[in-house]
Amino acid sequence: MRRTTTARVVTGLAGIAASLSLVSCSIGGGGGPSGNLSGAGASFPAAIYQRWFQELAEQGVKVNYQSVGSGAGVRQFTAGTVDFGASDAPMKAEDIAKVSRGVLQIPMTAGAIAVAYNNPSCDLKLSQQQLAEIFLGKITNYSQLGCADQKLTVVHRSDGSGTTYNFTKHLAAISDAWNNGPGSAKTVAWPTGVGAKGNEGVAAQLNQVEGGLGYVEAAYVKGNLQAAALTNASGEVVKPTSATESEALGSIDLGPELIGGNPNPLKGYPIVTFTWILAYKNGNGPNTELLRKAFNFMLSEKAQAQAPELGYVTMPPAVIEKAKAAVSQIGE
């Protein structure tokens, strides 16, 4: 009789344990809500976003992120066809006015835009004038840069891109010819070169074209590619590293709206930027807690610590604090 009672107790406890396990799964493993989210936008942070979204899936939040470029991301976000957007260029006031639900622009990670090239026999150290003249089409051979004879083929973005926005902001800051010519925007009329879509597309094209040179987020400098050393505003010639990128980011005052930048810093590697998640301030309904859970994880110490190994920069604590405050404003 005692053995039967014991068996029943064990069976009952097993049933309770199974029920608790199901409850745990339904709330996302580590606790909190579970469900699906969709996002689209910048390819600049795609490598680290995909890592974070893989880890979020284990916590019950599955994110379908389309790396379609900042321009397309802003369009989808404005149209309301995604749960959040992503952009390397802050939204303009006139575009924000089109979003009736309100907009929160939340810095999520940061990194450098590298001038990547496919020429293993050359160690490029570019002055500001040389950098501008390459993209103006005035320098067409590596021999003009002190290297062996080799045709130089520029590769640029073909889609609306926050990477392009930040890269051309730097060119405009260092070159009157560029500032008074193509200027700075997500898309510009390139004086030279061939186009490719996304950071992924530019990197792939560069790896295929011997002598190719273009601009990509530093995490995409792989395979046959190496990054050129560039000259900052104080005349130092530096390559993109975690230390030089962090030094330059320290000069950026994001301001109260968290959207600041510095296109020509005095110290560190000279082309760095934050990149932003675009969230709706209101009207998120049942996704409200999902969005907060996802973004707070991305801003967590664990997630931010992964940045350097993936080619990005861990954001300063003060920026993370302000970003978390913005996340708390996401409403139903």
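Residues numbered from 1 in each chain as written. Predicted model: local features only at pLDDT ≥ 70, side-chain atom pairs only at ≥ 80, totals over all residues. Heavy atoms only, no water.

Participant: Would you take a moment to explain the overall build of the protein for this structure?
Facilitator: The secondary structure content of the protein amounts to twelve helices and twelve strands. Reported as C-alpha extents along the three principal axes, the dimensions of the protein are approximately 95 × 45 × 30 Å. Taking all 332 residues of the protein together, 50% fall into the buried category. Within the protein, counting contacts between residues at least 6 apart in sequence, those at least 24 apart form 75% of the total. Summed over its atoms, the accessible surface of the protein is roughly 14,400 Å², and 52% of this surface lies on carbon and sulfur atoms. (Helix = DSSP H or I, 4+ residues; strand = E, 2+ residues; numbered from the N terminus. Buried < 20%, exposed > 50% of the residue type's maximum accessible area, 1.4 Å probe, protein only. Contact = heavy atoms within 4.5 Å. Areas by Shrake-Rupley, 256 points an atom, 1.4 Å probe, with all protein chains shown as cover.)

Participant: It is not clear to me how the pattern of salt bridges should be interpreted in this structure. Could you clarify?
Facilitator: Once the charged atoms of two side chains with opposite charge are near each other, the side chains can pair. Inspection of every chain in the model, using the stated rule, returns seven salt bridges. With a shortest N-O distance of 3.5 Å, aspartate 95 and lysine 98 are connected by a salt bridge. For aspartate 95, a relative accessible area of 21% translates into the label partly exposed. Residue classification places lysine 98 among the exposed positions, given a relative accessible area of 56%. In this structure, the salt-bridge partner of arginine 157 is aspartate 159, at a minimum N-O distance of 2.8 Å. Taken together, the salt bridges that share partners define one network made up of Asp123, Lys125 and Lys239. (Salt bridge = Lys/Arg side-chain N within 4 Å of Asp/Glu carboxyl O.)

Participant: Sorry, what's going on with the packing of aromatic side chains here?
Facilitator: Working definition: an aromatic ring pair is given by the centre-to-centre distance plus the angle between the planes. With the rule as written, the count across this model stands at 16 aromatic pairs. On the basis of an interplanar angle of 65° and a centroid distance of 6.2 Å, the ring pair of phenylalanine 135 and tyrosine 215 is categorised as edge-to-face. Taken together, the positions of phenylalanine 135 in helix H5 (residues 128-135) and tyrosine 215 in strand S8 (residues 212-217) put the pair 80 residues apart, joining distant regions of the chain. As far as the burial class goes, phenylalanine 135 and tyrosine 215 line up, both buried. The rings of Tyr49, Trp52, Phe53, Tyr65, Phe84 and Phe295 are connected pair by pair, giving a single aromatic cluster. Directly above the aromatic system of tyrosine 280 lies the positively charged group of arginine 101, at a separation of 3.7 Å from the ring centroid. (Phe/Tyr/Trp six-rings, centres within 6.5 Å; stacked < 30°, edge-to-face > 60°. Lys NZ or Arg CZ within 6 Å of the ring centre and 35° of its normal.)

Participant: Help me understand the environment of methionine 315, please; the structure alone is not making it clear to me.
Facilitator: Positionally, methionine 315 belongs in the loop between helix H11 (301-304) and helix H12 (317-327). Take methionine 315: its relative accessible area is 2%, and that puts it in the buried class. For the pair methionine 315 and proline 107, spaced 208 residues apart in the sequence, the C-alpha separation amounts to 8.7 Å. Discounting chain neighbours no more than four positions away, the residues touching methionine 315 are Pro107, Met108, Thr109, Ala110, Phe274, Leu299, Gln304 and Ile320.

Participant: Teacher, can you tell me more about the nonpolar core here?
Facilitator: Soluble globular proteins: nonpolar side chains tend toward being buried together. Counting 92 residues, the largest nonpolar core has Tyr49, Ile106, Leu124, Phe135, Phe167 and Phe295 as its most contacted members. Ranked by residues supplied to this core, first place goes to strand S4 (residues 103-117) with ten residues. Excluding anything up to four places from it in sequence, phenylalanine 295 contacts Phe84, Ile106, Met108, Ile277, Ala279, Val327 and Ile330. Counting eleven residues, the second largest nonpolar core, distinct from the first, contains Ala72, Val74, Val99 and Tyr280. (Core = buried A, V, L, I, M, F, W, Y, C linked by side-chain atoms within 4.5 Å.)

Participant: Looking at this structure, I do not really get the environment of alanine 229. What am I missing?
Facilitator: For alanine 229, the position within the fold is in strand S10 (residues 229-231). You can call alanine 229 buried: its relative accessible area is 4%. Taking the C-alpha atoms as reference points, alanine 229 and serine 70, 159 residues apart in sequence, are found 26 Å from one another. Not counting chain neighbours up to four residues away, the residues in contact with alanine 229 comprise Leu124, Lys125, Leu126, Val237, Val238 and Lys239.

Participant: I'm lost on the state of the cysteines in this one. Help?
Facilitator: Here is the idea: a disulfide is a covalent bond, and it sits between the sulfur atoms of two cysteines. Considering all chains together, one arrives at one disulfide under this definition. Here cysteine 122 pairs with cysteine 147 through a disulfide, and the sulfurs are 1.8 Å apart. Between cysteine 122 and cysteine 147, the disulfide has an S-S torsion of 50° and is therefore right-handed. One end of the pair, cysteine 122, is in the loop between S4 and strand S5 (125-126); the other, cysteine 147, is in the loop between H5 and strand S6 (153-157), and 25 residues separate them in sequence. (Disulfide = S-S within 2.5 Å.)

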